Amino acid sequence: MTTFTVVNPATAQPVTDVVMATAEETDALIERAHDAFPAWRDVAPGERARLLRSFASVVDAHLDELADLEVRNAGHTLGNARWEAGNVRDVLNYYSAAPERLFGRQIPVPGGIDVTFHEPLGVVGIIVPWNFPMPIAGWGFGPALAAGNTVVLKPAELTPLTAIRLGELALEAGLPEGVLTVIPGKGSIVGERFVTHPLVRKVCFTGSTEVGKQIMRGCADQVKRVTLELGGKSANIVFADADIAKAAATAPYAVFDNAGQDCCARSRILVQRSAYDEFLGRLETSVKALKVIDPSDPDSEMGPLVSAKQKESVLGYLDGVETAFTGTAPASDGFWVPPTVVLADDPAMPIWREEVFGPVVAVMAFDDEEEAVRLANDTEYGLSGSIFTRDVSRALRVARAVESGNLSVNSHSAVRYWTPFGGYKQSGLGRELGPDAPAAFTEEKNVFIAQEVAQEEEREQP
Ligand code: NAD
C-alpha cells in the first residue's frame, strides 16, 4: 500500500497520510463509474437538478470545515479558503439549473422534422492541480454531472483532502454511489489511466502546460475528448492616463493572491514610461503593506507556498536576479517566500518569460500602445490580463488586441463561474464555466424523423 504524507505548508508539519490508488484500483473505480452511468443519465432532469442543489446545501453546511481543511492542506488564507468552498456551492447551484435546460434544436428540413439532442458522454475524468483544489474540482464536476455524466476525479498528490471530503458530501447529499468518485493517487498512475482507459470518454485537465501536452497526445490515441487549462504569464498593462494610485494598490493582489500560485497571476506588469516612477513608488508601499502571516489568521492576505519543492523552484528564479523590493514573510518553519518585485528590461529574461508560480512579479516600462500590446503578446501563453486606462477607446482596442482568454479593464476580476474561462495559445484548449459548460460534456446528436415512411431514400453524399 502506497501512502502520501500531506504536510501543512505553513508549519512544514505532517497533517495525515493518504492512501494512493493503484492502477488496478483505478480501473475498478472507472468501471464502477461506468456501471453507474445509465441510471444517472436516466434520472429525470428535475430530480438531477434537485440532487445537485442538495449537494450544494451540504457543501454550504460544511463550509467552515472545508475551508479549515484547505488552510491546513494547501496553506491558503482563511478568507480565500472560505471563498473557494463557497465557490463549489455556487457552481453546483448554477449548474443545477442546467438539466432542465439542456436544449437541443429543431432545424427546418423537408419531409419531416430534424432535432438535436445533447447526450452525456459517459465517464468523465477530471485531473486537478494543487493550487486551487476545490474550485477547479467543482468547475469540472458541476457541469459534467448536470449534463448526466458520471465523474472520476483525481486530486493533486499534495492536496487531496478537500476533494476526498467533497466526495463524501456528495454521497451524504444523495448522489448515488459511483456518480462522483474521488481517486487520490499519482498522476503517472491514476491520471494516466484516465487518459488510457477506454471507458473514460473525456479528460478535463488543469495543470502544467508540459503535462497537458502529454495528456493531449495520449488522448489522441482514442480520439478522446479533452479540455486543457494550463499555465499563464499574464500582463497587467498600466497606461499613464490610468488612476495610478488604484492601479498600484490593486496590482499586488493580482499577482500575490494564493502566493502567486495562480494560473491567472498578472506576473508581468507593463507600465507606461511617463508613469513608471510614480507607479513603482506606490507599488512598493502596497507590497510592503501586504499581510503575509499565518494563513489561519482571518487577516492574512498571503500564505506560504504549497511545498518545499515549490519554494526551491521559486527561489531558483530569483538566483542572480536583482530584486527591486520585497514585502515581508514570517521567519518560521513553513514554505514562505516574501512578495518580490523585480525590474525587467529584457523580454528574454526567464523571469519575464517563464511561469514562476510564486510571489514574484516583473515590471517593465513601455512607450506606447503598440509596444504594450507587442510585449503583452510576446509569450507562448494567453490566459488572462488587465488593462488600466481612463480612455475607453484604448481600453477596447487593447482588450481586442491582447491574445488572451480573460481580460479585465480597470480591474483584476477573479474568475466568475457564470462567464467562460480558458486560454489562448499554450494556455489551454476549450473553455470551462459559463452558460455553455454543460454542452462541453455532451455529444450533439442529430435525428431526422420522416413524415411518411420513405419509399426510396434520397441520400446526401458524404
Ligand atoms: P502538474 O501538471 O504537475 O499536475 C497537475 C495534475 O496532473 C496533478 O493532479 C498531477 O498528479 C496530474 N498529473 C501529473 N502527471 C500526469 C500524467 N502523466 N498523466 C495524468 N495526470 C498527471 O501541475 P501542478 O504542478 O499540479 O500545477 C501547477 C501548474 O498548473 C502550473 O503550471 C499552473 O499554471 C497550472 N494551472 C493552470 C490552471 C488553469 O486553469 N489554466 C489552473 C491551475 C493550475
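Please read all numbers here as calculations on a predicted model, not as lab measurements.

Novice: How would you explain the overall build of the chain if you had to name every residue and give the values?
Specialist: Helix and strand counts for the chain come out as 14 helices and 18 strands. Taken against the 2.2 N^0.38 rule, which gives 23 Å for 462 residues, the C-alpha radius of gyration of the chain at 24 Å falls within 12% of a compact globule. Along the longest, intermediate and shortest principal axes, the C-alpha atoms of the chain span 80 × 55 × 40 Å. Sorting the 462 residues of the chain into buried and exposed places 53% on the buried side. Long-range contacts, defined here as pairs at least 24 residues apart, represent 73% of the contacts in the chain between residues at least 6 apart. Carbon and sulfur atoms make up 52% of the accessible area of the chain, which amounts to about 20,200 Å² in all. For the chain, the separation between the mean place of its 41 positive charges and that of its 63 negative charges on side chains is 2 Å.

Novice: Run through the sheet that holds strand β12 (residues 323–326), naming residues and quoting values.
Specialist: Across the sheet, 7 strands lie side by side as β12-β13-β14-β11-β10-β15-β16; this open sheet has mixed pairing. Of all the strands in the sheet, just β12 and β16 (406–409) have a single pairing partner and so form its edges. Here the strands of the sheet are splayed against their neighbours by 20° on average, with no regard to which way each runs. As paired elements, strand β13 (residues 340–343) and strand β14 (residues 360–366) share 4 bridges and run parallel to each other. Pairing of Thr-340 across the sheet is with Val-360, part of β14.

Novice: Now, about the environment of Gly-231: what can you tell me, with residues and values included?
Specialist: As for its placement among the helices and strands, Gly-231 is situated in the loop between β9 (225–229) and β10 (235–238). In the structure, Gly-231 is positioned 149 residues away from Glu-380 in sequence and 9.6 Å away in space, judged by C-alpha atoms. Beyond its immediate sequence surroundings of up to four residues, Gly-231 is in contact with Gly-207, Thr-209, Glu-355, Tyr-381, Leu-383 and Ser-427.

Novice: Tell me about the pairing of β13, residues and numbers included.
Specialist: One ladder, built from 3 bridges, connects β12 with β13; its direction is antiparallel. Counterpart to Thr-326 in the pairing with β13 is Thr-340.

Novice: Please give an account of the domain arrangement of the chain that cites residues and values.
Specialist: Once the domains are mapped, the chain shows domain 1 (2–230 + 423–448) and domain 2 (235–409). Listed as interface residues are 27 residues of domain 1 and, on the opposing side, 31 residues of domain 2. For the side of domain 1 that touches domain 2, the elements supplying multiple residues, two or more each, are β1 (2–8), α3 (63–74) and α4 (78–95). Here the side of domain 1 that touches domain 2 is built from residues that sort into 12 nonpolar, 12 polar and 3 charged.

Novice: An account of the side chain of Ser-267 is needed here, citing residue identities and associated values.
Specialist: Looking at where Ser-267 falls in the secondary structure, it is placed in the loop between α9 (244–256) and β11 (268–272). Apart from residues no more than four positions distant in its own chain, Ser-267 is found in contact with Lys-233, Ser-234, Val-255, Val-360, Val-361 and Ala-362.

Novice: Quick rundown of α3? Include the residues and the values.
Specialist: Helix length check: α3 (12 residues) gives 16 Å between terminal C-alpha atoms against 16 Å at 1.5 Å per residue, within 8%. When we look at burial in α3, the residues that qualify are Leu-63, Leu-66, Ala-67, Leu-69, Glu-70, Val-71, Asn-73 and Ala-74. Those residues of α3 that are buried are in contact with β1, α2 (45–61), α4, α5 (133–146) and α6 (161–172). Two residues or fewer past α3, Gly-75 is found with a positive phi of approximately 75°.

Novice: Talk me through the site of the ligand; I want residue IDs and the actual numbers.
Specialist: The immediate surroundings of the ligand are formed by 28 residues, with Val-128, Glu-157, Ser-208, Leu-230 and Glu-355 found nearest. Between the ligand and Gly-187, the relevant distance is 3.4 Å, taken from a nitrogen atom to a main-chain nitrogen or oxygen of the residue. Between the ligand and the protein, one listed contact pairs an oxygen atom with a backbone N or O atom of Gly-207 at 3.1 Å. A total of 850 Å² of accessible area belongs to the ligand in isolation, and the protein chains cover 88% of it. When residues of the shell around the ligand are traced back to their parent elements, those giving at least two are α7 (187–196), β8 (200–206) and α8 (209–220). When the residues that make up the shell around the ligand are grouped by side-chain class, the tally is 15 nonpolar, 8 polar and 5 charged.

Novice: Account for the sheet that holds strand β4 (residues 112–120), naming residues and giving values.
Specialist: The strands that make up a sheet are held in pairs by hydrogen bonds between backbone atoms, and each pair lies either parallel or antiparallel. Taken together, 3 strands build an open sheet; the order of strands is β3-β4-β18 and the sheet is antiparallel. Each edge of the open sheet carries a strand with a single partner, namely β3 (106–107) and β18 (442–450). Here β3 runs beside β4; their pairing, made up of 2 bridges, is antiparallel. Its bridge partner being in β4, Gln-106 is matched across the sheet by Val-115.

Basis of the calculations
Residues numbered from 1 in each chain as written. Predicted model: local features only at pLDDT ≥ 70, side-chain atom pairs only at ≥ 80, totals over all residues. Heavy atoms only, no water. Helix = DSSP H or I, 4+ residues; strand = E, 2+ residues; numbered from the N terminus. Rg over C-alpha atoms; globule rule 2.2 N^0.38 Å. Buried < 20%, exposed > 50% of the residue type's maximum accessible area, 1.4 Å probe, protein only. Contact = heavy atoms within 4.5 Å. Areas by Shrake-Rupley, 256 points an atom, 1.4 Å probe, with all protein chains shown as cover. Lys, Arg positive; Asp, Glu negative; His and termini not counted. Charge placed at Lys NZ, Arg CZ, Asp CG, Glu CD. Pairing = 2+ DSSP bridges. Axes fitted to C-alpha atoms, helices over the stretch in contact; angles between N-to-C directions. Domains from an automatic or database assignment. Nonpolar A, V, L, I, M, F, W, Y, C, P; charged D, E, K, R; others polar. Expected span 1.5 Å × (residues − 1). Near = heavy atom within 4 Å. Polar contact = N/O pair within 3.5 Å; in protein donor to acceptor, adjacent residues only side chain to side chain.

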